Amino acid sequence: MAGKSTTLAGRAGNKRSVSAPPSQEDNAMREGVAVRPRTLVDRAVDAILAAASRGLILPGDRIAEPDLVARLGMSRVPIREALRILESQGIVTSEPYKGIRLMEISHQRLEQIIDVRIPLETLACRRAIEAGRNGAPQLTTLYQAVADMQNMMQRDDVYGFASADTAFHRTLCGFAHNPVLSNLWESIARQLTVIFGLSTMGKSMSAIIEEHQKLINVFAEGDIAKISDEIEQHIRIQVLDVDYETIIAQRRRQRSSAD
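All values derive from a computational prediction rather than experimental measurement.

Caption draft 1: Spotlight on the nonpolar core. Within the largest apolar cluster, 71 residues are counted, with the highest numbers of intra-cluster contacts made by Ile105, Phe168, Leu172, Phe219 and Ile227. When residues of this core are assigned to their parent elements, the largest contribution, 9 residues, is made by helix H5 (residues 107–130). Not counting residues up to four positions away in its chain, the partners in contact with Phe219 are Cys125, Ala128, Ile129, Arg133, Asn134, Leu139, Leu142, Leu172, Phe175 and Ile227.

Dropping the structure here:
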């Protein structure tokens, strides 16, 4: 998908708001854990992810550093560091003569992510259930993540919604109490946020919320076979129900006609 450099401004009549989404910092604050102050680098990362989740920057688009400097009102230093972090996490790629571009989202790429997510999240649920960590305290935390999704849906905040969706699965994986597993999952977390955001252009937020509520119900039952099946269905449906390549092509046409 060849693309020209793009801005963080809304395109094609997109008026959805961007607010601070629920994050690891928010979750830590709920649990009384000290967190570090947010930096300019954090804000730059959020701005880029928000634009990608909302389809303002599309997969394959060139991301121009001077444009980010102008749009975000920051110096090149935090923006350059933000792009370096996002490149290490697979969100952007950098090649000689091609510049920095947003990651491609193809059917093959989605299948590769599925192949990683299913075993990780299935193992996390298995270990959590085996240890009895699928009771009231854990369910309350998951319900709060769903409440965050509902709040963002009411505000029509795509990035906030996608971040809350990511937080839900981060929390679920955390119940395994396996830092190796959590670190592996975290390596694709921001890619998931972009994908979750784009999925709202092909599926209603309310339908996505219902899928998460069903997942909670199965997790609460404590049947390992059932939760294994539910995790696979939940993750695969996210890909099979949404034609990402068509959505991206449509957004690109809308953006071109608006220019």
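Caption draft 2: Main features of unusual backbone geometry. Positive phi is not limited to glycine here, since Tyr97 has a value of about 70 degrees. Checked against the element boundaries, Tyr97 lands in the loop between strand E1 (92–95) and strand E2 (99–102).

Caption draft 3: Structural context of the pairing of E2. Where E1 meets E2, 4 bridges bridge the pair, whose relative direction is antiparallel. Paired with Ser94 across the bridge in E2 is Ile100. Taking the residues between adjacent antiparallel strands as the criterion, E1 and E2 are bridged by 3 residues, where Tyr97 takes a positive phi near 70 degrees.

Caption draft 4: Representation of the pattern of salt bridges in the model. A complete count under the given rule lists 18 salt bridges for this structure. Between Arg236 and Glu232 there is a salt bridge, with the nearest N and O atoms lying 3.2 Å from each other. Taken together, the residues span about one helical turn, with Arg236 and Glu232 both in helix H11 (residues 224–240) at a distance of 4 residues. Using a relative accessible area of 28% as the deciding quantity, one classes Arg236 as partly exposed. Connected via shared salt-bridge partners are Asp61, Arg252 and Arg255.

Rules behind the numbers
- Residues numbered from 1 in each chain as written.
- Predicted model: local features only at pLDDT ≥ 70, side-chain atom pairs only at ≥ 80, totals over all residues.
- Heavy atoms only, no water.
- Core = buried A, V, L, I, M, F, W, Y, C linked by side-chain atoms within 4.5 Å.
- Buried < 20%, exposed > 50% of the residue type's maximum accessible area, 1.4 Å probe, protein only.
- Helix = DSSP H or I, 4+ residues; strand = E, 2+ residues; numbered from the N terminus.
- Contact = heavy atoms within 4.5 Å.
- Pairing = 2+ DSSP bridges.
- Salt bridge = Lys/Arg side-chain N within 4 Å of Asp/Glu carboxyl O.

Nothing here speaks to function; it is all geometry.
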